[in-house]
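Secondary and tertiary structure notes
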Amino acid sequence: TLQIVTPGSNTSLIQPGFSLLHFGSHVFYLGQKGWPKRSCPTGVFLLDLKNNDLKLRPTTFTNDSCYLPPLRHPAVCSFSASQGGEITQYLIHGGKTPNNEISHKLYVMTMVFTVNKRFSLCCTEKDLAGDVPEARYGHSMNVVFSRGKTAVVMFGGRSYLPLNQRTTENWNNVIDCEPLVYLIDLQFGCSTSFNLRELQDGLSFHVSLARNDTVYIFGGHSLGNNFRPPNVYKIKVDLPLGSPAVSCTVINSKLSFSSSIVTQTSPDEFVIVGGYESDSQKRLICNGVFLDDETIDIQEIETPDWTGEIKHSKTWFGADMGKGAVLFGIPVDNKHQSTDCSFFFYVLNFGDNDPALQTCSQQSTEEQEDSMPLEDSEEFTFNRDGNIFDEDT
């Protein structure tokens, strides 16, 4: 199903390159437009979708949280204590800040519930040692499980030219990062890089899926040769007691795309939607991906009834809401230009659940007063000395 949603409070902060984090029924937005206006660890909002009205609610952070800047195009992946278990953490690496600086930091985001069943977010920065990945954006991270152990696989992305090669004319020029596969041990913060002969070109804005000890990488764009490879790279990770081993197998899929969105509809089934087939051609077909222990099956599935605005728009962007739902936006054309929001927003749902039921506010069922929207993140809740104040206090 495809449903247009009405933008409400704070949706003017939504911009291309945003990310969504879903903890159970709560979905959070990361990557606001501009910097937060007060120096506290925010820039993350609760996504409130009720009766097709889309609003961003300010979110409370714990006192021991570090500052998380609004990042565009970071690598984001969920982490659960066991395979197929409930999501307990999110890992966020890299991305661009509003100043167009590229981050090299790794953050860990968790949700904390208080005694009155309200929640706060806790963000901590994770230090890495060893082969530390350089600052980048447009890359991917996935968690793999092998022999009772877990590890994070990072690949791809773009970065600025090295400082010794940058001049005034090319200061903002970006290049592909080296096609290295990084294996990160979260417990000890140790990072190890692997140079695999099957991966010769840098790749960005690709799609990655993980199942057990294997990561599948689809599509993406290589800036060096302006190429979208029609391959699936199957990266297998073995975590014995000694040194880890990483291998790669190339599968020809005949699918060539970049900047697509992937959502999971069941434990072994995913849907790839959106993106671009070339610099000037949007990708309007959807593909189902079915994984088992050794094989991967990719099939074209029924596409939604795209609206005229979607078909004729040159650009679109979005992120996975979880449970088979995707939120995406397209620019508003000049004749529909509104001062409130410069994008149309849609929810595309491939799952059995109503996406409007996936998001809920930590406030009461009474609607909050929206008569005086505040710019950027002026509207906050604070957690001080263990007390949580209502937003109207």
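Every value quoted in this text rests on a predicted model; they were computed, and no experiment measured them.

A word on the overall build of the protein
Of regular secondary structure, the protein possesses one helix and 31 strands. Looking at the protein alone, contacts between residues at least 24 apart form 56% of all its contacts between residues at least 6 apart. Summed over its atoms, the accessible surface of the protein is roughly 18700 Å², and 47% of this surface lies on carbon and sulfur atoms.

Brief notes about the side chain of S222
Of note, S222 is situated in the loop between strand 18 (214–218) and strand 19 (231–238). When its relative accessible area of 3% is taken as the criterion, S222 is described as buried. For S222, the contacting residues outside a window of four places in its chain are D176, D201, G202, L203 and F227.

Overview of the pattern of salt bridges
With the rule as written, the count across this model stands at eleven salt bridges. Notably, a salt bridge pairs D238 with R147, separated by 2.6 Å at the nearest N-O pair. Of the two residues, D238 sits in strand 19 while R147 sits in the loop between strand 11 (140–146) and strand 12 (149–155), which places them 91 residues apart along the sequence. With relative accessibility at 27%, the residue D238 sits in the partly exposed group. In this structure R147 comes out as exposed when scored by relative accessible area, which is 59%.

As for unusual backbone geometry
Positive phi, normally seen in glycine, also occurs at F205, with a value near 55°. Of note, F205 is situated in the loop between strand 16 (190–194) and strand 17 (207–211). You can call F205 buried: its relative accessible area is 18%. Of note, the phi angle at K323 is positive, near 55°, even though the residue is not glycine. Its location among the elements puts K323 in the loop between strand 27 (317–322) and strand 28 (325–331).

Some words on the pairing of strand 27
Regular strands have side chains that alternate between both faces of the sheet. Of all six residues making up strand 27, five are buried, and the element is well covered by its neighbours. Two strands pair when backbone bridges link them, and strand 27 and strand 28 are joined in this way by five bridges, in the antiparallel orientation. Counterpart to D320 in the pairing with strand 28 is V326. As consecutive antiparallel partners, strand 27 and strand 28 are separated by two residues, and within that stretch K323 has a phi angle of approximately 55°, a positive value.

Details of the pairing of strand 8 (residues 106–113)
Among the eight residues that make up strand 8, six are buried, leaving the element largely enclosed by the rest of the structure. One ladder, built from five bridges, connects strand 7 (residues 87–93) with strand 8; its direction is antiparallel. Considered in strand 8, the bridge of Q89 is made with T110. Examined bridge by bridge, strand 8 and strand 9 (residues 119–126) share eight bridges and lie antiparallel to one another.

Details of the nonpolar core
In terms of nonpolar packing, the biggest core is built from 21 residues, with L20, L327 and F345 touching the most fellow members. Apart from residues no more than four positions distant in its own chain, L327 is found in contact with F18, L20, L47, L54, F317, G318, A319, M321, F345, Y346 and V347. A151, F155, I217 and I235 belong to the second-largest nonpolar core, a separate cluster that totals 18 residues.

Some remarks on the side chain of T59
As for its placement among the helices and strands, T59 is situated in the loop between strand 5 (53–58) and strand 6 (75–80). Separated by 3.3 Å, the side chain of T59 and the backbone oxygen of V44 make a polar contact.

Thoughts on the sheet that holds strand 7
With antiparallel pairing, four strands are arranged side by side in an open sheet as 6-7-8-9. Each of the sheet's edge strands pairs with one partner strand only, and the pair in question is strand 6 and strand 9. Each neighbouring strand pair of the sheet contributes to a mean axis angle of 25°, computed without reference to strand direction.

Looking at the environment of S280
Summarising the element assignment, S280 is placed in the loop between strand 23 (276–278) and strand 24 (281–282). Residues S280 and K314 lie 34 residues apart in sequence; the distance between their C-alpha atoms is 7.1 Å.

Quick notes on the sheet that holds strand 17
Strands sit in the order 17-18-19-20 across an open sheet of four strands; the sheet is antiparallel. At either margin of the open sheet sits one strand with a lone partner, and together these are strand 17 and strand 20 (245–252). Within this sheet the neighbouring strands show an average axis-to-axis angle of 20°, counted without direction. Sheet topology note: the strand 17/strand 18 ladder contains five bridges and is antiparallel. By the bridge assignment for strand 18, S208 is matched with I217.

Reading the values: rules and limits
Residues numbered from 1 in each chain as written. Predicted model: local features only at pLDDT ≥ 70, side-chain atom pairs only at ≥ 80, totals over all residues. Heavy atoms only, no water. Helix = DSSP H or I, 4+ residues; strand = E, 2+ residues; numbered from the N terminus. Contact = heavy atoms within 4.5 Å. Areas by Shrake-Rupley, 256 points an atom, 1.4 Å probe, with all protein chains shown as cover. Buried < 20%, exposed > 50% of the residue type's maximum accessible area, 1.4 Å probe, protein only. Salt bridge = Lys/Arg side-chain N within 4 Å of Asp/Glu carboxyl O. Pairing = 2+ DSSP bridges. Core = buried A, V, L, I, M, F, W, Y, C linked by side-chain atoms within 4.5 Å. Polar contact = N/O pair within 3.5 Å; in protein donor to acceptor, adjacent residues only side chain to side chain. Axes fitted to C-alpha atoms, helices over the stretch in contact; angles between N-to-C directions.

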